[in-house]
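For reference, the chains in residue letters:
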Amino acid sequence: MSAFEPKPGDWAVITGAGRGIGRWLAQHFAAKGMRICALDIDAYEAEETARMCGDASVAHGCDVSDAKETKRVAEKLIAQGVEPSLLWINAGVGSADTVSGAKTRTLDWLIGVNVMGPMHTARAWLPSLKARDGARHVGITASSASVTPVSGPFTLYATTKQMTAAIGEALTAELAEEDIGVTILCPGILNTQIWNAAQARPERFGGARQSPDEVGDHWRAQPGPEVLAEGVDANLAMGGGWCIIPTEPDTQQKMVERHAAQRSGLFNYAVVEPD
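To keep things clear, this report deals only with the structure shown in the data block.

Reading the values: the criteria
Residues numbered from 1 in each chain as written. Predicted model: local features only at pLDDT ≥ 70, side-chain atom pairs only at ≥ 80, totals over all residues. Heavy atoms only, no water. Helix = DSSP H or I, 4+ residues; strand = E, 2+ residues; numbered from the N terminus. Rg over C-alpha atoms; globule rule 2.2 N^0.38 Å. Areas by Shrake-Rupley, 256 points an atom, 1.4 Å probe, with all protein chains shown as cover. Lys, Arg positive; Asp, Glu negative; His and termini not counted. Charge placed at Lys NZ, Arg CZ, Asp CG, Glu CD. Salt bridge = Lys/Arg side-chain N within 4 Å of Asp/Glu carboxyl O. Buried < 20%, exposed > 50% of the residue type's maximum accessible area, 1.4 Å probe, protein only. Pairing = 2+ DSSP bridges. Right-handed = clockwise from strand over helix to strand, strands pointing away. Contact = heavy atoms within 4.5 Å.

Helix and strand content of the protein chain: 8 helices and 7 strands. Here the C-alpha atoms of the protein chain give a radius of gyration of 19 Å, agreeing with the 19 Å that 2.2 N^0.38 yields for 275 residues. For the C-alpha atoms alone, the extent of the protein chain along its principal axes is close to 60 × 55 × 35 Å. Split by element, the accessible area of the protein chain, about 13,400 Å² in all, is 53% carbon and sulfur. The averaged location of the 33 negative side-chain charges in the protein chain is 5 Å from the averaged location of its 24 positive side-chain charges.

Attention now moves to the pattern of salt bridges. Enumeration according to the criterion identifies 8 salt bridges in this entry. A salt bridge links Glu45 to Arg23; its shortest N-O distance comes to 3.0 Å. Pair noted here: Glu45 is in helix 2 (residues 43-52) and Arg23 is in helix 1 (residues 20-30), with a separation of 22 residues, a long-range link. You'll find Glu45 and Arg23 in the same group, each marked buried. Lys32 serves as the salt-bridge partner of Asp233, at 3.4 Å between the closest nitrogen and oxygen. Note that Asp233 is positioned in helix 7 (residues 229-237) and Lys32 in the loop between helix 1 and strand 2 (35-40), a separation of 201 residues in sequence. The exposure class assigned to Lys32 is partly exposed, which follows from its relative accessible area of 31%. Bridged by salt links that share partners, the residues Arg19, Asp40 and Asp42 form one connected network.

Once that is clear, we can look at the pairing of strand 4 (residues 84-89). By the criterion of burial, strand 4 is predominantly enclosed, with 6 of the 6 residues buried. In terms of strand pairing, strand 1 (residues 11-15) meets strand 4 through 4 bridges, oriented parallel. Across the sheet, the residue bridging to Trp11 is Pro84, located in strand 4. Where strand 4 and strand 5 (residues 137-141) come together, 4 bridges link them in parallel fashion. Of the residues in strand 5, the one forming a bridge with Ile89 is Ile140. For the segment spanning strand 4, helix 4 (residues 104-131) and strand 5, crossover handedness is right-handed.

Below, the discussion takes up the environment of Pro246. Within the fold, Pro246 resides in the loop between strand 7 (241-245) and helix 8 (251-264). For Pro246, a relative accessible area of 41% puts it in the partly exposed group. Between the alpha carbons of Pro246 and Thr49 there is a distance of 25 Å; along the sequence they are 197 residues apart. Setting aside residues up to four positions removed in sequence, Pro246 forms contacts with Gly188 and Thr251.

See below:
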């Protein structure tokens, strides 16, 4: 894929831009001269991000788990001239629940945001991105949990984030012929408020819930999203691909163990060699 260099004046559309990694991405690309379209389920926080990114930036509330709303917001903004060269599918939520034990609405919420959300966002915005000339790029924020073995206590979260990364791989294959690169960002644990993601959970998924402040102590002890800058910039300059930036010392070994387990389960006796 062709290298992507942020071009001053071009639009970057970023979901989940109201806080955390999304807000950092918005500020990062705004500092390179891009105009930012900040989307978030919390419209107030999206507006605050846009304010931080300069007068040329805009914001809009958007619940990416809702296909109709995501499409409607995209159509409205595109009609107003927001035609991105960079689409960063970043919105995501976390929960300390298991696949087998989660309440149905919690299961629907994580799948709705972390799995269906990226698909809704891609389907809503890619036609505009494809119609542009010049360098274009898609980013998708997965997690280090996307590339390591699923383990407790966040097994449901890890499962959905492996699906997020798979969507990134699908988009990589689908957009290759159009020379649109895709970055699959897999950060380690960062100092964001993902531990309190339920504070913006829609009513249809059980409604908002405030986690006790002490739950966030582990996240607050980690580096901030700015630690992603070097890897993100290098990856875009290479035209995309996996961008794995761990913050835990054992991530690389866990990746090795996962791949070793896959190899040990490979029985290739059914392979038919070509004549």
